[in-house]
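What follows is each chain in one-letter form.
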Protein chains: 2
Amino acid sequence: MEYYGSHISRLIEALNGLPGIGVKSAQRLAFHIVGMPKEQVKNLAEALVSARENVHYCRECCTLTDEELCPICRSEKRNHRQIMVVENSRDLAAYEKTGRYDGVYHVLQGAISPMLGIGPSDIRLKELMQRLQGDVEEVIIATNPSLEGETTATYISKLVKPTGIRVTRIASGVPVGGDIENIDEVTLERALMGRVEL
Amino acid sequence: MEYYGSHISRLIEALNGLPGIGVKSAQRLAFHIVGMPKEQVKNLAEALVSARENVHYCRECCTLTDEELCPICRSEKRNHRQIMVVENSRDLAAYEKTGRYDGVYHVLQGAISPMLGIGPSDIRLKELMQRLQGDVEEVIIATNPSLEGETTATYISKLVKPTGIRVTRIASGVPVGGDIENIDEVTLERALMGRVEL
């Protein structure tokens, strides 16, 4: 990409390395950035560096945050005896957006995947077990309904059950607003098996 | 997005302002960036700032570059008597990738669009006309085959013709590898009108 000059080429290359950004998007972004007010570009660059510099895992729930304890673990309004186990911070955010959960979280930072060589010791399971030594009533497993998520859910439930703490799994079924004719068989089967009395 | 902490939220917001990056992509990118090696994040941040600081329009063809003259205008191997007029630097790059054009370019940095209030004086037309006072044989108009691109092409051809310089327009027709049954009628009509002897 010599025809752009070295600075733009370097930017395109750096953007192209990000997930979901191909060469075309990187070009489009680079030309947009080059046309942005200088202040805004500086702000973006600073946001990048400061996020990277200041972020670490919450001491309690292992989510990504910039303080020692994340805002949720710090909150006195949350029910600290109910722990929802999710795979990553984006899943936590998705549940927070519902506004209907007032317990706390535990972020595994991954899921067990024999195919990718990710074992139980590669995710934040030890940290979860440590938290269960405190005063906990229920562990809600909200890993993804994928092969890896299900494997992780089964593994965790086997670990937690002997402690006597209640272990639950979020329901699997037809998504609200979904079209039954377009939903895969496994989901339909799950929806049938999980049917509730009306 | 309080649950992320202020540094990550600021990064998500800054990324979300870029074209084609919605909240979900911005979140995904932010979490990826936070997990990247520090060196790489710094490199990306520097690439942003240095591209913005160093970029300006080529004195000759108005493409975005980091020197006074872009590499193509500087090159002695190119035919400086043949000028291809394109809307933006990405279109220039697309033609460069073909490797089949050895003339130079003129980048309009836009197209005439009465709907968006972009008139002839808002694009780099004056600069093109100035270049035509030199030794130029042909102006190839390679604006997009859209309403704006066609309007711009017609406008330019009317400006250039009185100078006696040859004005051509890139061919419009069925794209190579395209499926005739899926191509719109206007393109099919153009392909028919532009048919060539075999």
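Remember, it's a predicted structure, so these values are computed and weren't measured experimentally.

(A) Region of the structure containing the overall build of chain A. A count of helices and strands for chain A gives eight helices and six strands. When the helices and strands of chain A are placed in sequence order, the string is α-α-α-β-β-α-β-α-β-α-β-α-β-α. Classification of the 198 residues of chain A by burial places 42% in the buried group. Counting only carbon and sulfur atoms, one obtains 51% of the accessible surface of chain A, whose full area is about 11200 Å².

(B) Spotlight on the pattern of salt bridges. The final tally for this structure, using the stated rule, is 23 salt bridges over all chains. Arg10(B) is the salt-bridge partner of Glu46(A), the closest N and O atoms lying 3.5 Å from each other. Here Glu46(A) is found in helix H3 (residues 38-54), whereas its partner Arg10(B) is found in helix H1 (residues 6-16) on a different chain. Take Glu46(A): its relative accessible area is 46%, and that puts it in the partly exposed class. The shortest N-O distance in the salt bridge between Glu137(A) and Arg81(A) comes to 3.2 Å.

(C) Local environment of the relation of the copies chain B and chain A. With an RMSD of 0.0 Å, the fit of chain B onto chain A corresponds to turning through 180° and sliding 0.0 Å along the axis. Taken together, these values place the two copies in the relation of a two-fold axis. In terms of C-alpha distance to the rotation axis, chain B has Ala45(B) as its closest residue, with the C-alpha 2.2 Å off the axis.

(D) Broad picture of the interface of chain B and chain A. Each partner contributes residues to the interface: chain B has 52 residues there, and chain A has 52 residues. Here chain B meets chain A over a buried area of about 5100 Å², counting both sides, of which 68% is carbon and sulfur. When the buried surface of chain B facing chain A is broken down by residue, Tyr3(B), Leu48(B) and Arg52(B) rank first, second and third, together holding 15% of it. Where chain B packs against chain A, one counts four salt bridges. At the junction of chain B with chain A, the criterion picks out 12 residue pairs in polar contact (both at pLDDT 80 or more). Counting residues per element, the ones that place at least two in the side of chain B that touches chain A are H1, helix H2 (23-34), helix H3 (38-54), strand S2 (64-65), helix H4 (71-74) and helix H5 (89-98) of chain B. The leading source of residues in the side of chain B that touches chain A is H3(B), at 15 residues.

(E) Main features of the environment of Ala45(A). Looking at the secondary structure, you find Ala45(A) in helix H3. Each residue touching Ala45(A), except ones within four places of it in the same chain, is listed here: Ala45(B), Leu48(B) and Val49(B).

(F) Representation of the packing of aromatic side chains. Residue and element names in this part refer to chain A. For the structure shown, the criterion picks out two aromatic pairs over all chains. Ring centres of Tyr-101 and Tyr-105 lie 5.2 Å apart, and the angle between their planes is 65°; on these two criteria the pair is classed as edge-to-face. You'll find Tyr-101 and Tyr-105 in the same group, each marked buried. A cation over an aromatic ring shows up here: Arg-124 above the ring of Tyr-57, its NZ or CZ 4.3 Å from the ring centre.

(G) Structural detail: the nonpolar core. Membership of the largest hydrophobic core comes to 109 residues, with the highest contact counts inside it found for Ile8(A), Leu15(A), Ile8(B) and Leu15(B). If sequence neighbours within four positions are ignored, Ile8(B) has contacts with Val55(A), Leu64(A), Asp66(A), Ala30(B), Phe31(B) and Val34(B).

(H) Spatial organisation of H5(B). Those residues of H5(B) that sit buried are Ser89(B), Asp91(B), Leu92(B), Ala93(B) and Glu96(B). Buried-residue contacts for H5(B) involve helix H2 (23-34) of chain A together with S2, H4, strand S3 (79-86) and strand S4 (103-107) of chain B. With a side-chain oxygen lying 3.0 Å from the backbone nitrogen of Arg90(B), the N-terminal cap of H5(B) falls on Asn88(B). Once H5(B) finishes, Gly99(B) follows within two positions and takes phi at roughly 70°, a positive value.

(I) Region of the structure containing the sheet that holds S3(B). Residues and elements named next belong to chain B. Pairing is parallel in the open sheet, where four strands are placed in the order S4-S3-S5-S6. The sheet terminates laterally at S4 and strand S6 (166-169), the two strands that pair on one side only. With strand direction ignored, the average angle separating the axes of adjacent strands in the sheet is 25°. Sheet analysis places S3 next to strand S5 (residues 138-141), joined by four bridges and oriented parallel. Considered in S5, the bridge of Ile-83 is made with Val-139. Sheet contacts for helix H7 (residues 147-160): S3, S5 and S6; angle to S6, the most-contacted strand, approximately 170°.

About the criteria used
- Sequence order as written defines the numbering, with residues in each chain counted from 1.
- The naming scheme follows written order: chains are lettered A onward, ligands numbered 1 onward.
- Whole-chain, interface and lining totals are the exception, using all residues; otherwise, since this is a predicted model, local features are given only for residues with pLDDT of at least 70 and side-chain atom pairs are given and counted only at 80 or more.
- Side-chain calculation: all heavy atoms of the structure are included, whereas hydrogens and water are not.
- Under the scheme used here, helices are H or I runs from DSSP no shorter than 4 residues and strands are E runs no shorter than 2 residues, and both carry numbers assigned from the N terminus.
- Buried means the residue's accessible area, taken with a 1.4 Å probe over protein chains only, is under 20% of the maximum for its type, while exposed means over 50%, and partly exposed covers the values in between.
- Here the Shrake-Rupley method, with its probe set to 1.4 Å, supplies the accessible areas, and only the displayed protein chains count as covering residues.
- When a carboxyl oxygen of Asp or Glu lies within 4 Å of a side-chain nitrogen of Lys or Arg, that pair is called a salt bridge.
- A least-squares superposition brings the copies together, and it is based on the C-alpha atoms of residues with pLDDT no lower than 70 in both.
- Contacts are residue-level and defined by heavy atoms, with any inter-residue pair within 4.5 Å sufficient.
- As a working definition, buried area equals the accessible area (1.4 Å probe) given up by two parts on being put together, with both sides summed.
- Definition of a polar contact: a pair of N or O atoms within 3.5 Å, with one able to donate and the other able to accept a hydrogen when the atoms are protein atoms, and with sequence-neighbouring residues admitted only if both atoms are side-chain atoms.
- Each Phe, Tyr or Trp ring, with Trp reduced to its six-membered ring, pairs with another whose centre is within 6.5 Å; inter-plane angles below 30 degrees give stacked pairs, above 60 give edge-to-face pairs, and intermediate values give tilted ones.
- Only Lys NZ and Arg CZ are tested; either one counts as a charge over a ring when it is within 6 Å of the ring centre and within 35 degrees of the ring normal.
- Think of a nonpolar core as a cluster: buried Ala, Val, Leu, Ile, Met, Phe, Trp, Tyr and Cys residues, connected wherever their side-chain atoms sit within 4.5 Å.
- Two strands qualify as a pair provided DSSP detects at least 2 bridges between them.
- Here an axis means a line fitted to C-alpha atoms, over the contact stretch when the element is a helix, while the angle between two N-to-C directions is reported on a 0 to 180 degree scale.

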